[in-house]
Amino acid sequence: MSGADSPTCGAQGAPCKNIDQAVKIAASGDFIKMAGGTYIYANVGNGCGATITSIICAANKSLTIRGGYSPATWVFNPGANPTIIDGQNLYR
């Protein structure tokens, strides 16, 4: 996956690298598109507290997160672009 985690990432031309960063800066009601690939714990400081280590933490937000998008064109095709959220038997 490409992209860079920053306070302003998230636009189609400047995606966030990690899901948790996208969730962290998203507003309630936002739709987050995920490019195909495997996503693992990134420790980006999600605001859910030090006792919760998770790949995605969306506390107090209502979001739609959908994977299966092409990283090149952002066309939705989950068969060609499988998206995996992998807790590596360690994280939620």
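A short tour of the structure in this document, coming up. Worth saying up front: this structure is predicted, and the values here are computed from it rather than measured. (Residues numbered from 1 in each chain as written. Predicted model: local features only at pLDDT ≥ 70, side-chain atom pairs only at ≥ 80, totals over all residues. Heavy atoms only, no water.)

## What to know about the nonpolar core
Ranked by size, the top nonpolar core spans 14 residues in total, and within it Ile 19, Val 23, Ile 32, Tyr 39 and Leu 63 carry the most contacts. For this core, the secondary-structure elements that each account for two or more residues are α1 (19-25) and β1 (31-35). In this structure Leu 63 touches Val 23, Ala 26, Ala 27, Ser 28, Gly 29, Asp 30, Ile 32 and Ala 58, once residues within four positions along its chain are discounted. (Core = buried A, V, L, I, M, F, W, Y, C linked by side-chain atoms within 4.5 Å. Buried < 20%, exposed > 50% of the residue type's maximum accessible area, 1.4 Å probe, protein only. Helix = DSSP H or I, 4+ residues; strand = E, 2+ residues; numbered from the N terminus. Contact = heavy atoms within 4.5 Å.)

## Structural notes on unusual backbone geometry
Its identity is not glycine, yet Trp 74 carries a phi of approximately 60°, on the positive side. With respect to the secondary-structure elements, Trp 74 resides in the loop between β3 (64-69) and β4 (83-85). Here Gln 88, not a glycine, exhibits a phi torsion of approximately 55°, which is positive. Structurally, Gln 88 can be placed in the segment after β4. When its relative accessible area of 37% is taken as the criterion, Gln 88 is described as partly exposed.

## Notes on the state of the cysteines
For the structure shown, the criterion picks out 1 disulfide. Disulfide partner of Cys 9: Cys 16, at an S-S distance of 2.0 Å. Disulfide Cys 9-Cys 16: the torsion about the S-S bond is 90°, which places it as right-handed. Per residue, the accessibility class of Cys 9 equals that of Cys 16, and both read buried. (Disulfide = S-S within 2.5 Å.)

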